[in-house]
Amino acid sequence: MSIPLPLHEPSPGAKTHCPYCAFQCGTVISGMPQANVTITGDSDFPVNRGRLCIKGWTASVLLNHSERLTQPLVRGTDGRLSPATWESALDLIVRRFQETQASHGREAVGVFGSGALTNEKAYWLGKFARVVLRTPHIDYNGRYCMSSAAAAGNRAFGIDRGLPFPVSDIVQARTLMIIGSNPFETLPPISQWFEQQQASGGTLIVVDPRRTPTAESAQIYLPITPGSDLALANGLLYLALEERLLDEQFIRTRTTGFDAVRRTVLAYHPAETERRTGISESMLRQTVRLLAKQGPSMILTGRGPEQQSKGVDTVLGFINLALALGQVGQPGSGYGCLTGQGNGQGGREHGQKADQLPGYRLIEVDAHREHVARVWGVEPSSLPRKGRSASELLDSLGQPDGINALMVMGSNVAVASPDASRIAKRLDSLDFLVVCDAFLNETSAFADVVLPVSQWAEEEGTMTNLEGRVIHRRPAQSPPGEVRSDLEVIVGLASRFGFGRQFPSAQPRDIFEEFRRATSGGLADYAGITYDRIDEQQGIFWPCPDENHPGTPRLFADRFYHADGKAKFHVVEDRPGGDEPDAAFPLYFTTGRYLEHYNSGAQTRQVGELSKRRSKPGLQIHPELAQHWSIDDGSLVMIESRRGRVEFFAERHPGIRPDTLFAPFHWGGRDAANILTQGALDPISRMPEIKLSAVRIIGVRPPESMEPRT
Ligand SMILES: Nc1nc2c(c(=O)[nH]1)N[C@H]1C(S)=C(S)[C@@H](COP(=O)(O)OP(=O)(O)OC[C@H]3O[C@@H](n4cnc5c(=O)[nH]c(N)nc54)[C@H](O)[C@@H]3O)O[C@H]1N2
Ligand SMILES: Nc1nc2c(c(=O)[nH]1)N[C@H]1C(S)=C(S)[C@@H](COP(=O)(O)OP(=O)(O)OC[C@H]3O[C@@H](n4cnc5c(=O)[nH]c(N)nc54)[C@H](O)[C@@H]3O)O[C@H]1N2
Ligand code: SF4
Ligand SMILES: [Mo]
């Protein structure tokens, strides 16, 4: 079967959005299609207001790139990937999936999705796994990203929307505390909102083991010991109690469960909090007084406190604090999580997470199964139950009772997963791997079939940004060669499996209509959103239950989303991480991002200008620690954890804690920071602990010995 490609006439000056992060900057793509494309910021789009970061305006390079995949590739008996026709590639996938399921059972086929996929793709992929493959094992890279904050939001507020208010609300926060996020480098155009906040007299507090560019811009910087954020949250609440800073009326009328929390935090004495977090008692007192007395105050978290084996409890700790101070609900106040991937928000709402169905419905709730099964025209009992989380799914590859055949759409798991050497072995032990991507990457190196798919500016769909604003990704040019869309891949496979009726179209607009019905009545209700309404209103905030509904920019003004309308406090206790420093591995190792690269680097390492600026990962190290080891800038430093070794070049930086080393995770192979990291899981969110590992320095070579690697 071949589906005609949607041909879009080139439209110079086409407005769309950036391919990368959750800020989803509005962009204007101009120039001749297939050549000399330029990308500029869309000054009409109210989130970035014309600004872009360097990744956004260099993304044009990806469109007509020489390394772009344009034909399906199939691994031959010679072990090499060679061009094949779409028919033969799709036929092969279906045959191998069927053989795997016949010999090992339905659950032996798995699917791995992505927060980079549009809502339409995420929806179609989740339906494909549940209806066609009937496997419970579908999960996605958002598990590494948003899952802890999402679980905490659901527990405390009864709903998970990263920011429960528009970014413009930041301006009204007189006190703003950012914990473990570095938005000046990870969501750069957001800095305009912080600048405005400070210009109108607001105070910015940043909590990070490194003095990042974001921390540099703050009035108060708290250099926290890695992994001690939960102790900080409880310690601040202790001080709020002691100094009688609580909003008792808010606690009484809008929340439940505070008494138990009050009892537990009484154990978090300031001296102990100071010892645990490395933040002085006077700084702790100053912080809590500002949050309580200089309101409205806002607390935002990023991946620092979330990517820990206690990530959910940590976020709940900060939500407890915001609720106890009565700082939730009015403009300029509240707790928010800064979402990461382009569609990190929508990606977690529409059914590619192991426990979820579209509209933020839950796969283990009968009423939810019935609604979605009705829309899909299948028996509710035919839908699988909850499957394995991302880390557990990957760890089961090739194992007894594990996954034998896997399809990956939109993630470079070989680079992005903790304990990467172990994941490489797991990928290698698969019987069959399919990767859909626009470029080859470290994961497709293990693939049996690679399918070339279209990129953002060649396709249409909706994305949901960090504010919960649903936006319109518009096509600017048609895809090259034989490239097809992810949606066409799914439809091509489904029809070969005999499910053409359930997957009647690969057109995003058609799929969106079914998707609206599937989400209708769910928490993440998109039923009232249409492409036209998005265009007219510069995006629509969910929930939006019908076409006359204006959308919901602000949640929580009058009520929370639990049945009683109240927010819930949760008792949370500090505990050690999965791999704390000890005598043998005395240093903290943490990871994060450079401004110039995006995630696994699969896309940005293809962009010459970005690679020139940052061609490999550096190791951030405090000058005192460096001196102890005779490390200069550029020295090659071998780092070891209990999982493996990586050699980085040193970058001395007085802004990092002397007990902590930092490296970005944007590179693969021997440069992969994830060789060192560990995957202890949060018991609730199943988030792996990529922000916290114990390491030691085992060797130093001088800068001049830098020879090219073979
Ligand atoms: N340039 C760029 N921008 C991006 C991305 C990218 O790869 N590159 N990726 C996008 C995605 S998917 C995401 S999820 C977001 C992530 O955005 P951020 O959350 O801002 O990014 P990270 O650099 O992962 O982590 C933030 C900070 O956490 C700190 N940290 C480490 N350990 C701890 C700790 O124990 N406690 C505390 N409090 N802080 C700690 C790190 O030093 C780091 O500065 O960025 C998005 N935007
Ligand atoms: N040590 C450490 N590890 C981390 C993190 C960390 O902070 N530290 N952060 C984690 C986080 S927050 C995240 S989000 C992950 C991200 O890491 P990954 O899951 O690897 O995500 P990306 O590198 O963004 O993208 C992966 C691939 O998707 C492709 N792609 C993009 N759009 C599409 C599409 O529409 N369709 C298809 N088929 N392919 C597409 C790209 O070309 C790329 O090859 O990494 C996690 N890993
Ligand atoms: S990477 Fe993020 S901040 Fe940079 S231009 Fe793209 S959407 Fe905007
Ligand atoms: Mo992320």
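These numbers were taken from a predicted model, which means no experiment stands behind them.

A. Layout of the packing of aromatic side chains. Using the criterion set out here, one finds 19 aromatic pairs in the structure. Geometrically, the ring pair formed by F128 and F503 is edge-to-face, given 6.4 Å between the ring centres and 80 degrees between the ring planes. Separated by 375 residues along the polypeptide, F128 in helix 4 (residues 119-133) and F503 in the loop between helix 21 (486-496) and helix 22 (508-519) bring together distant segments of the chain. The same class applies to F128 and to F503, which are both buried. Ring centres of F512 and F515 lie 5.3 Å apart, and the angle between their planes is 35 degrees; on these two criteria the pair is classed as tilted. Of this pair, F512 and F515 are both found in helix 22, three residues apart, which corresponds to roughly one turn of the helix. Exposure remark for F512: the relative accessible area of 0% places this residue in the buried category. Accessibility expressed as a relative area gives 0% for F515, which makes it buried. Taken together, the ring pairs connect Y123, W124, F128, W376, F497, F503, F512, F515, Y526 and Y531 into an aromatic cluster.

B. Spatial organisation of the site of ligand 1. Not every one of the 34 residues close to ligand 1 is listed here, only the nearest: T186, D229, R593, H597 and N599. Within the contact set of ligand 1, an oxygen atom lies 2.9 Å away from a backbone nitrogen or oxygen of G227. Separating an oxygen atom of ligand 1 from a side-chain N or O atom of R593 is a distance of 2.6 Å. Taken by itself ligand 1 offers 910 Å² of open surface, and the protein chains cover 99% of this. Sorting the residues of the shell around ligand 1 by element identifies helix 6 (183-186), helix 14 (303-306) and strand 23 (587-592) as the ones contributing at least two each. Among the residues making up the shell around ligand 1, the classes are represented as ten nonpolar, 16 polar and eight charged. A domain split of the shell around ligand 1 shows at least three residues from each of domain 3 (147-337) and domain 4 (587-705).

C. Expanded view of the sheet that holds strand 13 (residues 334-337). Across the sheet, which stays open at both edges, the five strands sit in the order 10-9-8-12-13 with parallel pairing between neighbours. The sheet is open, and its two edges are formed by strand 10 (220-222) and strand 13, each paired on a single side. Neighbour to neighbour, the strand axes of the sheet diverge by 15 degrees on average, direction disregarded. Alignment of strand 8 (residues 175-179) against strand 12 (residues 297-301), held across five bridges, turns out to be parallel.

D. Geometry of the side chain of R657. Looking at the element boundaries, R657 is found in the loop between strand 26 (645-652) and strand 27 (660-664). With relative accessibility at 15%, the residue R657 sits in the buried group. Of the polar contacts made by the side chain of R657, one reaches the side chain of T225; its length is 3.1 Å. Among the polar contacts made by the side chain of R657, one reaches the side chain of D659 at a distance of 2.8 Å. If sequence neighbours within four positions are ignored, R657 has contacts with P209, P223, I224, T225, P226, T277, G278 and H622.

Thresholds, definitions, all that
- By convention here, each chain's residues receive numbers from 1 onward along its written sequence.
- Chain letters and ligand numbers both follow the written order, the letters beginning at A and the numbers at 1.
- The predicted origin of the model limits local features to residues at a pLDDT of at least 70 and limits the giving and counting of side-chain atom pairs to 80 or more, whereas totals for whole chains, interfaces and linings rest on all residues.
- In computing side-chain properties, one takes all heavy atoms of the structure into account and sets aside hydrogens as well as water.
- Only Phe, Tyr and Trp rings are paired, with Trp represented by its six-membered ring, and only when their centres lie within 6.5 Å; those with planes under 30 degrees apart are stacked, over 60 edge-to-face, the remainder tilted.
- Where helices and strands are cited, they refer to DSSP runs of H or I of at least four residues and of E of at least two residues respectively, numbered from the N terminus.
- Throughout this description, buried means an accessible area under 20% of the type-specific maximum (1.4 Å probe, protein chains only), exposed means over 50%, and partly exposed covers the range between.
- Being near a molecule or strand, for a residue, comes down to having at least one heavy atom within 4 Å of it.
- Counting of polar contacts relies on pairs of N or O atoms within 3.5 Å, with two restrictions inside protein: one atom must be capable of donating a hydrogen and the other of accepting it, and residues adjacent in sequence are counted only when both atoms are side-chain atoms.
- We get accessible surface area from the Shrake-Rupley algorithm with a probe of 1.4 Å; when it comes to residues, only the shown protein chains can shield them.
- Gly is put with the polar residues, along with every residue not named as nonpolar or charged; the nonpolar set is Ala, Val, Leu, Ile, Met, Phe, Trp, Tyr, Cys and Pro, and the charged set is Asp, Glu, Lys and Arg.
- Just so you know, the domain bounds were taken from an automatic or database domain assignment.
- Only strands joined by at least two bridges in the DSSP assignment are considered to pair.
- Comment: axis = line fitted to C-alpha atoms, over the contacting stretch for helices; angle = value between 0 and 180 degrees taken between N-to-C directions.
- Throughout, a residue-residue contact means that at least one pair of heavy atoms, one from each residue, lies within 4.5 Å.

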